[in-house]
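Here are the chains, one letter per residue:
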Amino acid sequence: MPPVTPNPSLILALRTETAELHVALEKRLPFFSRQLNLDLYRRLMAAYYGFYQPLEQRLQMLALIPSGLDQSQRIKLPVLRADLIALGMDAAAIEALPVCRELPQIDSRAAALGVSYVLEGATLGGQVLRRRMAEQLGLDASSGAAFLNVYGELTGRRWKDFLQYLDDRNLGEAQTLEVTHAAKATFTYFERWLDSQKVLS
């Protein structure tokens, strides 16, 4: 009888399956572009808002985040909204922003985990971007860059907790595929949306 090959860890599967999409998007984001100015940054954050608003709403409405992962602590939208106000937009202008209609399908707890992996990973990556925006545009948490440091000192801990949560999931091959498929779809739809808003390089 041949030995049973264990399924690769969920984290490894996610990293492997999304690596190419992650790098491709990162290269096109204008955070490190010489062309980045306050106007482009404002438009970029408005585009982020247009993606996060319907996506976070869908995650909450469907209540598909598995128990044990407190999604209420991981909502980014209020901070994004506060940043836009700090950048000069009023409530009416924010309400009038276009929102993305082409979102990843979230039809299971596994899919919700895949989407959350991308959103949480972006939060971790915000630490580097926060320092860059301080250097290039003089922005900090009070002037429009709070989203890039949304968890503050808890960033590292919450990322580790999230990875531990993923590591504790005992998912079969089919569910692991659902998670990675949703994560890849999130990257794909996010890049398409940002492209449509003309904020990518």
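Okay, so let's go over this structure. (Residues numbered from 1 in each chain as written. Predicted model: local features only at pLDDT ≥ 70, side-chain atom pairs only at ≥ 80, totals over all residues. Heavy atoms only, no water.)

The next point concerns the overall build of the protein. Counting its secondary structure elements, the protein contains 7 helices and 0 strands. Reading the protein from its N end, one meets helices and strands in the order α-α-α-α-α-α-α. Over its C-alpha trace the protein gives a radius of gyration of 17 Å, about what one expects of a compact globule, namely 17 Å for 201 residues. Overall, the protein is about 65 × 35 × 35 Å in size when its C-alpha atoms are taken along their principal axes. Each of the 201 residues in the protein was classed as buried or not, and the buried ones make up 46%. The long-range share in the protein, meaning contacts at least 24 apart out of those at least 6 apart in sequence, stands at 84%. Computing the positive centroid from 22 side-chain charges and the negative centroid from 22, the protein places the two 3 Å apart. (Helix = DSSP H or I, 4+ residues; strand = E, 2+ residues; numbered from the N terminus. Rg over C-alpha atoms; globule rule 2.2 N^0.38 Å. Buried < 20%, exposed > 50% of the residue type's maximum accessible area, 1.4 Å probe, protein only. Contact = heavy atoms within 4.5 Å. Lys, Arg positive; Asp, Glu negative; His and termini not counted. Charge placed at Lys NZ, Arg CZ, Asp CG, Glu CD.)

Before going further, it helps to examine the nonpolar core. Counting 59 residues, the largest nonpolar core has Phe31, Tyr41, Met45, Tyr48, Tyr52, Leu166 and Leu194 as its most contacted members. Broken down by element, this core gets its largest block of residues, 12 residues, from helix H2 (residues 38-62). Not counting the four nearest positions on each side in its chain, Leu166 is found in contact with Leu10, Ile11, Leu14, Leu113 and Tyr117. (Core = buried A, V, L, I, M, F, W, Y, C linked by side-chain atoms within 4.5 Å.)

What the largest pocket holds in volume is close to 660 Å³. Elements with a minimum of two residues in the lining of the largest pocket: helix H1 (10-28), H2, helix H5 (109-137) and helix H7 (173-196). When residues of the lining of the largest pocket are assigned to their parent elements, the largest contribution, 11 residues, is made by H5. Looking at the lining of the largest pocket residue by residue, the class counts come to 21 nonpolar, 8 polar and 2 charged. (1 Å grid on protein atoms, 1.4 Å probe; cavity = no way out; pocket = protein on both sides within 12 Å on 5 of 7 lines; lining within 4 Å. Points joined across faces, edges and corners; volume = space filled by probe spheres on them. Nonpolar A, V, L, I, M, F, W, Y, C, P; charged D, E, K, R; others polar.)

Turning our attention to H5. Between its first and last C-alpha atoms H5 spans 39 Å; for 29 residues at 1.5 Å apiece the expected length is 42 Å, and the two agree. In H5, a bend of some 35° at Gln127 exceeds every other bend along the element. Phi turns positive one or two residues past the end of H5, at Gly138, with a value near 70°. (Expected span 1.5 Å × (residues − 1). Bend = angle between axes of the 7 residues up to and from the residue.)

Right, let's talk about the packing of H2 against helix H3 (residues 77-86) for a bit. Two elements in contact, H2 and H3, have axes whose closest approach is 10 Å; the angle formed by their N-to-C orientations is 155°. In terms of orientation, H2 lies roughly antiparallel with respect to H3. The two elements H2 and H3 cross, and the hand of that crossing is left-handed. On H3, the residues that touch Arg42, Met45, Ala46, Tyr48, Tyr49, Tyr52, Gln53 and Glu56 of H2 are Leu77, Leu80, Arg81 and Leu84. Its residues placed into classes, the contact of H2 with H3 shows 8 nonpolar, 1 polar and 3 charged. (Axes fitted to C-alpha atoms, helices over the stretch in contact; angles between N-to-C directions. Parallel < 35°, antiparallel > 145°, perpendicular 65-115°, else oblique. Left-handed = near helix turned anticlockwise from the far one by under 90°.)

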